[in-house]
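Notes for the structure review
Next come the chains, spelled out residue by residue.
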2 protein chains.
Amino acid sequence: MDKFKAHILLVDDDEGIRSLVKKYLNENNFLVTTSDSAENASEKIKIIKFDLIILDIMMSGKSGLDFINDHKKDLDTPIILLTAKGEASERVEGLELGADDYLAKPFEPKELILRIKNILTKTIKIDQKRIIEFENVKIDLNKLLIIKNKKEFKINNTEKVILEKMINNPGNTFSRESIGQLISLDKERSIDVIITRLRKKIEIDPKNPKFLQTIRGAGYVLWIE
Amino acid sequence: MDKFKAHILLVDDDEGIRSLVKKYLNENNFLVTTSDSAENASEKIKIIKFDLIILDIMMSGKSGLDFINDHKKDLDTPIILLTAKGEASERVEGLELGADDYLAKPFEPKELILRIKNILTKTIKIDQKRIIEFENVKIDLNKLLIIKNKKEFKINNTEKVILEKMINNPGNTFSRESIGQLISLDKERSIDVIITRLRKKIEIDPKNPKFLQTIRGAGYVLWIE
DNA sequence: AATTATAATTAAATATTTTTAATCATGATA
DNA sequence: TATCATGATTAAAAATATTTAATTATAATT
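Computed from a predicted model, the values in this text were never measured in an experiment.

1. Regarding the packing of helix α6 (residues 157–167) of chain B against helix α7 (residues 176–183) of chain B
All names here are of chain B. Packing of α6 against α7 brings their axes to within 9 Å, and their N-to-C directions diverge by 125°. Classed by the angle they form, the pair α6 and α7 counts as oblique. Seen from above, α6 lies across α7 with right-handed handedness. Between α6 and α7, the contacting residues are T158, V161, I162, K165 and M166 on the first element and I179, L182 and I183 on the second. Broken down by class, the residue content of the contact of α6 with α7 amounts to six nonpolar, one polar and one charged.

2. Regarding the relation of the copies chain A and chain B
Superposing chain A onto chain B takes a rotation of 179° combined with a translation of 0.2 Å along the rotation axis, leaving an RMSD of 0.2 Å. Both copies are brought into coincidence by an operation consistent with a two-fold rotation axis. Taken together, the interface assignments show that 100% of the residues at the interface of chain A recur at the interface of chain B, consistent with an identical surface on both copies.

3. Digging into the packing of aromatic side chains
Residues and elements named next belong to chain A. Applying the stated rule across the entire model yields two aromatic pairs over all chains. Pairing F134 with F211 gives two aromatic rings, centres 4.5 Å apart and planes at 65°, and the pair type is edge-to-face. Here F134 is found in strand β6 (residues 131–134), whereas its partner F211 is found in the loop between α8 (188–202) and β11 (212–215), with 77 residues between them in sequence.

4. Overview of the protein's contact with DNA strand C
By nearness alone, 22 residues border DNA strand C, and N156(A), S190(A), R199(B), T214(B) and Y220(B) come closest of all. The sugar-phosphate backbone supplies 79% of the atoms of DNA strand C found within 4 Å of the protein. One of the side-chain nitrogen or oxygen atoms of T158(A) is found 3.3 Å away from a phosphate oxygen of DNA strand C. In this structure, a phosphate oxygen belonging to DNA strand C sits 3.4 Å away from a side-chain N or O atom of R197(A).

5. Some words on the sheet that holds strand β4 (residues 79–84) of chain B
Residues and elements named next belong to chain B. In spatial order, the strands read β2-β1-β3-β4-β5; together these five strands make up an open sheet with parallel pairing. The sheet is open, and its two borders are formed by β2 (31–35) and β5 (101–105), each paired with just one other strand. Strand-to-strand twist of the sheet, defined as the mean angle between neighbouring strand axes without regard to direction, takes the value 20°. On top of the sheet, helix α1 (residues 15–27) reaches β1 (7–11), β2, β3 (52–56) and β5; it is set at about 170° to β2, its chief contact. Of the strands in this sheet, β3 and β4 touch helix α3 (residues 64–71), which is tilted by about 140° from β3.

What counts as what
Residues numbered from 1 in each chain as written. Chains lettered and ligands numbered in written order. Predicted model: local features only at pLDDT ≥ 70, side-chain atom pairs only at ≥ 80, totals over all residues. Heavy atoms only, no water. Axes fitted to C-alpha atoms, helices over the stretch in contact; angles between N-to-C directions. Helix = DSSP H or I, 4+ residues; strand = E, 2+ residues; numbered from the N terminus. Parallel < 35°, antiparallel > 145°, perpendicular 65-115°, else oblique. Left-handed = near helix turned anticlockwise from the far one by under 90°. Contact = heavy atoms within 4.5 Å. Nonpolar A, V, L, I, M, F, W, Y, C, P; charged D, E, K, R; others polar. Least-squares fit on C-alpha atoms with pLDDT ≥ 70 in both. Phe/Tyr/Trp six-rings, centres within 6.5 Å; stacked < 30°, edge-to-face > 60°. Near = heavy atom within 4 Å. Polar contact = N/O pair within 3.5 Å; in protein donor to acceptor, adjacent residues only side chain to side chain. Pairing = 2+ DSSP bridges.

Okay, structure coming up:
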């Protein structure tokens, strides 16, 4: 799996919290930049595209909510709000404005990490499987390559999209229709042909599919252990 | 926009909470099925594929955490945990086991809705834009159609994928490389050609692009108001 | 204003993918 | 087990997409 370091912007006017949280995040393999104010953060995001922003609500000068308000139109980066304990109305306001999550201070560091990973998983897909192996088959969605018994098979984008979906939902049945939707094809027979093509590449014995199976009347499933 | 009703499984052994939350969710346009135990929920998910599960941790019989443990291998559905106030260790354990979010009881109904939408947005993409309009241009990503000044233009999957990405990240610059990655092409010149093709379809004056602009040295951006 | 680098456009060649159709295989059911 | 429905396989035809290359246009820099 690719080693990727998510870049986090930590915005808090309390120096103690900044250094503490930064240290903790660094230990957990994140790259961290800090801002001591919403104003400073606004400058930073002009220059760097962060993967995530951790934002204190209550700050001298502009508040965290102000920051969100200022940028909600142009900012695509997920935000975790740090709120004072019990301030339900602020939390709700923050979420309504577009924050992705919040954490009440004081929080457990472990919980912060979980929430960060949770969000990153969904946005930049840090944990999505791009390279998987089962038995003698290795699928590399990045390189568009399948290696089966040391033989290489190229896959095209169509095949990649289908495999990607199935790999991230193993055991789920996909109808021909839903597969067609995925790749913008509407002829059912065409899906058949694509499945045959795929089986030739990923199955040890394509005539007796073990991984990419048919569910009669319903569609296809990928079984990977 | 398509009218889609997310189907939620609500698992709680307290009849009062079940009916109250169900009613509230119904009012907010969700389809709700309830279970009074983890065991019953396990039966339900065999039959129905839910979009989301709201799961009380503390239940007589199997707990919510037990439920997650039982199904974490095969269950792809996002889970929101309902926890007792202050039970940080349970929250952390739940998130570690794979829950997507939690809410401490008693919670504000409004906050529950926000959290549900937040998760659904990320999983089934309920809020992702599939049909957008600006000026005299309408893009329908479902039908693979662009209507510009009442004239129809078909788009193919390649174009759809690029537009989809840009539409959901307006104002973001995409390098040729990142676009290529999206559609599994690595020749930069090919991206040029595709952009030209796209401009012919979405721009009022393709020679003077207003929406799909070039950022010299960086890539392309979509500006929609 | 001239130079240089980057981007846009076009059309033709090339390559790839989808569709179709015919045939075979398999599973379900009466 | 005979029949019917559904799925698999193949190869060829048709449609579509990508690549290339030559030319033109535009922006940035000296």
